[in-house]
Amino acid sequence: MRFGLELRGDPALRVSRVATLSQAAPGSLSFLANSRYRKQLPTTRASAVVVGPGDAEACPVATLIGANPYLVYARIAALLHPTAQVAPGIHPTAVVAPDARIAASASVGPLCVIEAGAEIGERVQIGAGCTVLAGARIGADTRLMPRVTLYARVRIGERCLLHTGAVVGADGFGFAPDGGAWVKVPQVGSVRIGDDVEIGANTTIDRGAIEDTIIENGVKLDNQIQVGHNVVIGAHTAIAACTGISGSTSIGQRCMIGGMVGFAGHLTIADDVSITGCSLVSASIRQAGSYSSGMPTVETRAWRRMVAHLRRFGEKER
Amino acid sequence: MRFGLELRGDPALRVSRVATLSQAAPGSLSFLANSRYRKQLPTTRASAVVVGPGDAEACPVATLIGANPYLVYARIAALLHPTAQVAPGIHPTAVVAPDARIAASASVGPLCVIEAGAEIGERVQIGAGCTVLAGARIGADTRLMPRVTLYARVRIGERCLLHTGAVVGADGFGFAPDGGAWVKVPQVGSVRIGDDVEIGANTTIDRGAIEDTIIENGVKLDNQIQVGHNVVIGAHTAIAACTGISGSTSIGQRCMIGGMVGFAGHLTIADDVSITGCSLVSASIRQAGSYSSGMPTVETRAWRRMVAHLRRFGEKER
Amino acid sequence: MRFGLELRGDPALRVSRVATLSQAAPGSLSFLANSRYRKQLPTTRASAVVVGPGDAEACPVATLIGANPYLVYARIAALLHPTAQVAPGIHPTAVVAPDARIAASASVGPLCVIEAGAEIGERVQIGAGCTVLAGARIGADTRLMPRVTLYARVRIGERCLLHTGAVVGADGFGFAPDGGAWVKVPQVGSVRIGDDVEIGANTTIDRGAIEDTIIENGVKLDNQIQVGHNVVIGAHTAIAACTGISGSTSIGQRCMIGGMVGFAGHLTIADDVSITGCSLVSASIRQAGSYSSGMPTVETRAWRRMVAHLRRFGEKER
């Protein structure tokens, strides 16, 4: 088998699309990777289901058995639903500087702006309305969905995917106090993004104050994440939506960060750290493990009593 | 009376604009709906005020008395300040696929991109710089403010209003682990949005992994909300800004969700649930009611004592 | 000395760029303003370093001594790395209403839309793809980076800087309940932004319901901040990323607000208030000082014990 799977059922069976267990119709491939959905397996109408070894017995249809069914599903789904290919070339409404270097195999969509000195690699796809400012560089096979903005001198690696509204390289938030007012600190660094990085819709990654902000290979960023200046995010770390990372914080490799987590600045987070959603990370974390501070909801009346209890310990001289 | 109101004062009186109680000048209509502003009523210079029955006595000018003064105000204000009408037609700078179907009564603003197979209904107004990808559909009388992006195959109902920077249909955040790296799970579902939905600026709604993400009729979403893949939001639910909803969570009808609330994934929230701001919803909520976990600020020194107290209970073997 | 500094070293020394202490090469100017980096001073290869009086002895190279080294650094860096100047004029691909008033010294980038009655002041720079709706005004020397959107009638002061994706003047979130559904309350106010304001990427500032939303002079807003309708932010207040401010809240002057802070609506915050990150401000703050409610992370197992302890106090009849 192509994916290292064991098959139980008709080897000549064909599937043409993916479906959930509960909604599948004949011709569909489904999968079971989350035990929450196990009860849907016996009644599925899918033509075939990818399952782990423990679920094979319960599967009423053709069964593909693998150690990591979600991964297998991902790979088959990518074959069944390939990314739409765009014809190479520069749309006539794009505004492209004469000295921008754009590979002949790349596509630049309508109403894009590509400034002087930008470099667009082989087979890059730039969606409608993207803006690539002076000297920015995009590696081979990277795709920008519509309306992505790269500020000057930003560098994006190969095989990345950036979603609409992503802003890479805006100024970091740096101001020096001057007698009650603020003086802007020039943000002269840039942003370097590795290979195989995905950046979600409306996520913002600020340029460094002096050195660069760095996103290493294989990092996955969900929507509406804020990455401050001079942050480093280690390879293969995944971060869920709405998380904010303050300036100069360094996050290790293979971390898993929940949604709406706040990181203070100038911290160091070890490799293989998990942080659950809605936590505040206000100190460095030196050891791999799982960390939390998100408070779960209760009924509002109960919550008021909990807050009142805790507040007593805020008073002095207890 | 047109709005079912009782009038005390001159029936021939005319107003031409709305104003707050404190800033009103003659010719203005004002209203009192929040008791916080009651003390401004006796000195208002408005020509007329909409009030509830209990406030009529204190009103020094022409008085419109109704059970729901805020609702009455909303309707009169809409008459006094109608939405600017845009002439039908496609701006010559828009880039429109030959097979996009655009109603003759619709308007498409400058520098829009409308891809193949898109369908734009009657009297739809599409602001400058919007992007409507292949096969997306927009129902009658919906308005897109400038720079809204609809990904492929997204469906928007009738009479909706989408604000600038809204992104509907970007990929959900789905990756399968593969030995320390991540493999993208294709996001092959779409987004279906009902009628009379409002979507705020820079709000993002991801497409489903397999089935669709669904926003039902009458839902109101404020700015910078994140809606993950396969979320369902029930009819007439209102959600304040900066809230994030993780994938596959289902929220009931007529819920009121505060700002900056975080929802974990795969939850079920009942109808008629209220959640106060900055709460974390990490488990399903089966009963209507009000729920909270947002911790109110105190002086930083007191807060440190409160945290220190609570931390003692995190130690083992107590 | 031009910046009121004391110099120890060769007055003929020249620097051409800025660098961090640890990465500096000869020809670079560096600075020491955060004691966290003091240990890098003895081994720096910078040609000159700006330090406070207490660090002068430890500096191994030419030393510029000032009371506020970060401020001095900011000013020298601005000289060494000046903002790129853009030639005046309107790009031929911009769509500009005939009656828009654009100063001859201003520049309007490619693919911008400037609607009727807009006013663009002297030396204003408008980046690619910006949208300035009817009657909006921009004061002299303000810069809009690409893809900023100003809704109708918004006013921006002088010397402001707005980053990509900022949306100024979208509708506030106002709906009146009507028997289980919502009726939109027209948002007829606007937004007034003072001078020397910086607005970060993808930040949203809603227009007022009746009166205007107001951002006073010198305010600095980071990325992905949400400012609700009728908010007032006092002069020289700085707000870090991802913070959300609900409608009608008024924040004083010279406040420093951390990231991901949530403000309830209709509050009054005094001048000179600091709020640390991830706090919830649910009541007015009448006195200057520092306030907090962000809960720091601990190991998840310990956190569960802490939550379980607190929950006991939510039960009734204790």
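What you see is a predicted model; the values in this text were computed from it and never measured.

Peer 1: Looking at this model, I keep getting lost on the overall build of chain A. Mind explaining?
Peer 2: Across its full length, chain A holds two helices and 38 strands. By its C-alpha atoms, chain A is 75 × 70 × 35 Å across when sized along the principal axes. Contacts spanning at least 24 positions in sequence make up 18% of the contacts within chain A whose residues lie at least 6 apart.

Peer 1: Looking at this structure, how should I read the relation of the copies chain C and chain A?
Peer 2: Each of the two chain copies can be generated from the other by rotation about an axis followed by a shift along it. The two copies are related by a screw operation: chain C maps onto chain A through 120° of rotation and 0.0 Å of translation along the axis, at an RMSD of 0.0 Å. Seen this way, the second copy is the image of the first under a three-fold rotation axis. An overlap of only 20% is found between the interface residues of chain C and their copies at the interface of chain A, pointing to separate contact surfaces.

Peer 1: Is there a simple way to explain the interface of chain B and chain A in this structure?
Peer 2: Counting residues at the interface gives 57 residues for chain B and 55 residues for chain A. Broken down by secondary-structure element, the contributors of at least two residues to the side of chain B that touches chain A are strand S19 (167-170), strand S20 (175-178), strand S21 (181-184), strand S24 (204-206), strand S36 (280-281), strand S37 (289-292) and helix H2 (300-312) of chain B. The class makeup of the residues in the side of chain B that touches chain A is 28 nonpolar, 22 polar and seven charged. Note that strand S38 (residues 298-299) of chain A and S37 of chain B share two bridges and pair antiparallel.

Peer 1: What exactly am I supposed to notice about the interface of chain C and chain A here?
Peer 2: How big an interface is tends to be stated in terms of the accessible area lost upon association of its parts. With 56 residues of chain C in contact, the opposing surface of chain A contributes 57 residues. Those elements giving two or more residues to the side of chain C that touches chain A turn out to be helix H1 (69-80), strand S38 (298-299) and helix H2 (300-312) of chain C. Here the side of chain C that touches chain A gets six residues from one element, more than from any other, and that element is H1 of chain C. The residue inventory of the side of chain C that touches chain A, partitioned by class, reads 26 nonpolar, 21 polar and nine charged.

Peer 1: How do you make sense of the sheet that holds strand S7 (residues 95-96) of chain A when you look at a structure like this?
Peer 2: In a beta sheet, neighbouring strands pair by backbone hydrogen bonds and run either parallel or antiparallel. All names here are of chain A. Overall, parallel pairing links the ten strands, which are arranged S7-S10-S13-S16-S19-S24-S27-S30-S33-S36 in an open sheet. Strands with a single pairing partner mark the edges of an open sheet, and in this sheet they are S7 and strand S36 (280-281). The pairing of strand S27 (residues 226-227) with strand S30 (residues 244-245) spans two bridges and is parallel. By the bridge assignment for S30, Val227 is matched with Ile245.

Peer 1: For this particular structure, what's the right way to read the nonpolar core?
Peer 2: Buried together is how nonpolar side chains tend to be arranged in soluble globular proteins. One finds Ile114 and Leu150 of chain A, Leu150 of chain B together with Leu150 of chain C to be the most contacted residues of the largest nonpolar core, which totals 233 residues. Contact partners of Leu150 of chain A, with chain neighbours within four places excluded, come to Val132, Leu133, Ala136, Ile156, Val168 and Gly169 of chain A.

Peer 1: Teacher, can you tell me more about H2 of chain B here?
Peer 2: An α-helical turn contains 3.6 residues, so a residue and the one three or four places further along point in the same direction. A rise of 1.5 Å per residue sets the reference length of H2 of chain B, with its 13 residues, at 18 Å; its end C-alpha atoms lie 19 Å apart and thus fit the reference within 8%. Looking at the packing, one finds that the buried side of H2 of chain B touches helix H2 (300-312) of chain A, strand S38 (298-299) of chain B together with strand S37 (289-292) and H2 of chain C.

Peer 1: Any chance you could explain the sheet that holds strand S17 (residues 155-156) of chain A here in plain terms?
Peer 2: Residue and element names in this part refer to chain A. Reading across from one edge, S8-S11-S14-S17-S22-S25-S28-S31-S34 is the order of the nine strands in this open sheet, with parallel pairing throughout. Of all strands in the sheet, those bounded by a partner on one side alone are strand S8 (101-102) and strand S34 (268-269). Bridge count between strand S22 (residues 191-193) and strand S25 (residues 213-215): three bridges; the pairing is parallel. If you follow Arg192 over to S25, its bridge partner there is Ile214.

Peer 1: I tried to follow the pairing of strand S37 (residues 289-292) of chain A on my own but got confused; where do I start?
Peer 2: Along any regular strand, the residues point their side chains to alternate faces of the sheet. Relative to S37 of chain A, strand S35 (residues 273-275) of chain A runs parallel, the two being bridged by three bridges. Note that in S37 of chain A the partner of Ser274 of chain A across the bridge is Ser290 of chain A.

Peer 1: Quick question: what am I supposed to make of the pairing of strand S5 (residues 62-65) of chain A here?
Peer 2: Residue and element names in this part refer to chain A. Sheet analysis places strand S1 (residues 6-8) next to S5, joined by three bridges and oriented antiparallel. Looking across to S5, one finds that Leu7 is bridged to Leu64. Here strand S4 (residues 48-51) pairs with S5 via four bridges, running parallel. Across the sheet, residue Val50 finds its bridge partner in S5, namely Leu64.

Peer 1: In this structure, what is going on with unusual backbone geometry? I would like to understand it.
Peer 2: Peptide bonds are mostly trans, and most non-glycine residues show a negative phi. Residues and elements named next belong to chain C. The phi angle at Asn202 is positive, at roughly 60°, despite the residue not being glycine. You can see Asn202 is positioned in the loop between strand S23 (198-199) and strand S24 (204-206). Given 30 C-beta atoms within a 10 Å radius, Asn202 is considered buried. You will see that Arg254, though not glycine, has its phi angle at about 55°, which is positive. Counting through the fold element by element, Arg254 comes out in the loop between strand S31 (250-251) and strand S32 (256-257). Assessed through the 19 C-beta atoms surrounding it within 10 Å, Arg254 is described here as partly exposed.

Peer 1: What am I meant to see in H2 of chain A here?
Peer 2: If you check which residues of H2 of chain A are buried, you get Trp303, Met306, Val307 and Leu310 of chain A. Projection of H2 of chain A onto a plane perpendicular to its axis shows the buried side chains occupying an angular sector of 100°, all on one side. Looking at H2 of chain A, the residues exposed on the side facing more than 90 degrees away from the buried face are Ala308 and Arg312 of chain A. Its buried side turned inward, H2 of chain A meets S38 of chain A, S37 and H2 of chain B together with H2 of chain C.

Peer 1: In this structure, what is going on with the environment of Ala106 of chain A? I would like to understand it.
Peer 2: All names here are of chain A. Among the structural elements, Ala106 can be located in the loop between S8 and strand S9 (107-108). A count of 22 C-beta atoms within 10 Å places Ala106 in the buried class. The sequence separation of Ala106 and Arg123 amounts to 17 residues, and the corresponding C-alpha distance is 4.2 Å.

Peer 1: Before we go on, may I ask you to explain the environment of Pro296 of chain A in this structure?
Peer 2: By the element assignment, Pro296 of chain A lies in the loop between S37 and S38. The sequence separation of Pro296 of chain A and Met306 of chain A amounts to ten residues, and the corresponding C-alpha distance is 12 Å. Ignoring anything within four residues of it in the chain, the contact list for Pro296 of chain A reads Leu280, Ser282, Ala283 and Ser293 of chain B together with Val307 of chain C.

Peer 1: Where do I start with the domain arrangement of chain A in this structure?
Peer 2: As far as domains go, chain A holds domain 1 (6-80) and domain 2 (151-291). The centre of domain 1 of chain A, based on its C-alpha atoms, is set 37 Å off from the matching centre of domain 2 of chain A.

Peer 1: What should I look at first to understand the environment of Gly27 of chain A in this one?
Peer 2: Residue and element names in this part refer to chain A. Positionally, Gly27 belongs in the loop between strand S2 (17-18) and strand S3 (28-31). For the pair Gly27 and Leu13, spaced 14 residues apart in sequence, the C-alpha separation works out to 8.8 Å. With residues up to four places along the chain from it excluded, the contact list for Gly27 reads Val15, Ser16, Arg17 and Ser47.

Peer 1: Looking at this structure, how should I read the confidence of the model for chain A?
Peer 2: Detailed reading of the predicted model is not advised wherever pLDDT is low. Overall, the predicted model of chain A reaches an average pLDDT of 95, with 98% of residues at or above 70. Scored as a complex, the prediction yields pTM 0.97 and ipTM 0.96.

About the cut-offs
Residues numbered from 1 in each chain as written. Chains lettered and ligands numbered in written order. Predicted model: local features only at pLDDT ≥ 70, side-chain atom pairs only at ≥ 80, totals over all residues. Helix = DSSP H or I, 4+ residues; strand = E, 2+ residues; numbered from the N terminus. Contact = placed C-beta atoms within 7 Å. Least-squares fit on C-alpha atoms with pLDDT ≥ 70 in both. Nonpolar A, V, L, I, M, F, W, Y, C, P; charged D, E, K, R; others polar. Pairing = 2+ DSSP bridges. Core = buried A, V, L, I, M, F, W, Y, C linked by C-beta atoms within 7 Å. Buried ≥ 20, exposed ≤ 12 C-beta atoms within 10 Å, placed from the backbone. Expected span 1.5 Å × (residues − 1). Arc of directions from axis to C-beta. Domains from an automatic or database assignment. pLDDT = per-residue confidence, 0-100.

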